[in-house]
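The residues making up each chain are set out below.
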Amino acid sequence: MALVNENYLKLPEYYVFNEIEQKINAHKVIHPEANVIRLGQGDVSRPLPDAVIRAMQGAVAELADVKTFRGYGPETGYRFLIEKILKYDYQSRGVSLSADEIFISDGSKSDVGNIGHIFGRDNIIAITDPVYPVYENAAIMGGRSGYLNDDDLWSNIVYIPCTEKNGFVPQLPDEKVDIIYLCYPNNPTGIALTKEQLKMWVDYALENKAIIIYDGAYTAYIQEDNIPHSIYEIKGAKKCAIEIRSYSKTAGFTGLRCSYTVVPKDIIGYTMYGEVLRVNGLWNRRVTTYYNGTSYVVQRGAEAMYSKEGQKQYKEIIDYYMTNAAIIRSELTSLGLDVYGGVNSPNIWVKTPYKKDSWRFFQELLYDAEVVCIPGDGFGKLGAGFFRFTGFNSRENTEEAMRRFKKWMG
Ligand code: PLP
């Protein structure tokens, strides 16, 4: 008799994005002529940079020739891409890392989930509320969340409130935690942490022998000077932080799939007997056992982003989305709404008017204006009373959605 992983049964019944799709589809069935604009979408809409396309075309041609054909590549990634990452993402910001600390992957969602595999089940995990829901879901599925308390919160998870009151900046917990998930610039609030704010967490992790999982999916959107692009810009972070970066939102790789995870060799973890282990070795073992490497063609595409041309092209795309975000910010602010984020991030976090429930607001906006937002409580309990818009749609759709929104709010 095959037993299943019963932790899967503990997952909440509904997943916000499925629920949203169902509601949009139902609306379209009743109104087949509906022109629904998704302004909450997490997916990008601009095509890949030309430099990326051309590099991949060259790589495909290599695979078509018996002399340059390649089969399995290195599980942890090709050296040509790792060297570009070291030089352009790290050395340029004063961070020195070595090639065997970088692990190329097929997207940060996989690594965000899989990283839990190398940690024990009894760690106390800290997750900000609200946040990208995958951290909590992965902890539950991996049997690391403990049991569900009467307040619907998990016993092994400490929820760090990010509210209007604290400017959505996470404050240190009173209790001791072991694994801390931080996502900055944040999804969904769009808030970025300054060096001082992030240093507080690095210092906490060092003092408490905790490890930070730092999700930098939106790093490329940072515009302001005092915002660190990597957690390793903070002294001591190489001893306590794993950084996960994605090409998805940076250059339109959401469908292509490429990301990387940095696991410095200085990070140590402990066995129950207090024996010291290098986390880098565990992750290396995990990757080389479970993964056969990101495709050669895709890694050549990612490498092209670091060329002069590639950098110029992807920065133009980021500017495009950030202009959309600025339009949304300014239109909503002019309506008197409380608007956050959208400055170092394409994510814009808005308080629902008249203290309306997030789901009710989502439905009214969909039915009356045919504009889609993401209800805030899909990102955690404290997201209630908020909704998320993003700058990822086209300029035309963003402007049209804003016209409809203003008319609707009228
Ligand atoms: N991390 C955050 C915070 C995200 O918002 C997303 C996607 O929306 C991901 C990770 C997943 O990115 P990827 O496409 O690299 O799997």
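Everything below is about the structure printed above this text.
Residues numbered from 1 in each chain as written. Predicted model: local features only at pLDDT ≥ 70, side-chain atom pairs only at ≥ 80, totals over all residues. Heavy atoms only, no water.

**Notes on the sheet that holds strand β14 (residues 374–375)**
Reasoning step 1: Sheet architecture is open: four strands sit in the order β11-β12-β15-β14, paired in antiparallel fashion. The open sheet terminates on both sides in strands that have one partner only, identified here as β11 (339–341) and β14.
Reasoning step 2: Of the strand pairs in this sheet, β11 and strand β12 (residues 347–351) are connected by three bridges, and their pairing is antiparallel. Bridge pairing in β12 places G341 opposite I348.
Reasoning step 3: Strands β11, β12 and β15 (386–390) of the sheet are contacted by helix α10 (residues 308–334), whose axis makes an angle of about 155° with β11. (Pairing = 2+ DSSP bridges. Helix = DSSP H or I, 4+ residues; strand = E, 2+ residues; numbered from the N terminus. Contact = heavy atoms within 4.5 Å. Axes fitted to C-alpha atoms, helices over the stretch in contact; angles between N-to-C directions.)

**Describing the site of the ligand**
Reasoning step 1: Around the ligand, a shell composed of 14 residues is seen, among which D215, S246, S248, K249 and R257 lie nearest.
Reasoning step 2: With respect to the ligand, the side chain of D215 contributes an N or O atom lying 2.6 Å from a nitrogen atom.
Reasoning step 3: Note that an oxygen atom of the ligand is positioned 2.6 Å from one of the side-chain N or O atoms of S248.
Reasoning step 4: Calculation on the ligand without its partners gives an accessible area of 400 Å², and the protein chains cover 91% of this total.
Reasoning step 5: Listed by contribution, the elements that provide at least two residues to the shell around the ligand are α4 (108–114) and α7 (248–251). (Near = heavy atom within 4 Å. Polar contact = N/O pair within 3.5 Å; in protein donor to acceptor, adjacent residues only side chain to side chain. Areas by Shrake-Rupley, 256 points an atom, 1.4 Å probe, with all protein chains shown as cover.)

**A look at the side chain of Q41**
Reasoning step 1: Tracing the backbone through its elements, the reader meets Q41 in the loop between β1 (37–38) and α2 (50–63).
Reasoning step 2: Judged by its relative accessible area of 18%, Q41 falls in the buried class.
Reasoning step 3: For Q41, the contacting residues outside a window of four places in its chain are R388, T390, F392 and N393. (Buried < 20%, exposed > 50% of the residue type's maximum accessible area, 1.4 Å probe, protein only.)

**A word on unusual backbone geometry**
Reasoning step 1: The omega angle of the peptide bond from Y184 to P185 is -5°, so this bond is cis rather than trans.
Reasoning step 2: Here P185 shows up in the loop between β5 (179–183) and α6 (195–208).
Reasoning step 3: Between N187 and P188 the backbone carries a cis peptide bond, its omega angle lying at 20°.
Reasoning step 4: Note that P188 resides in the loop between β5 and α6.

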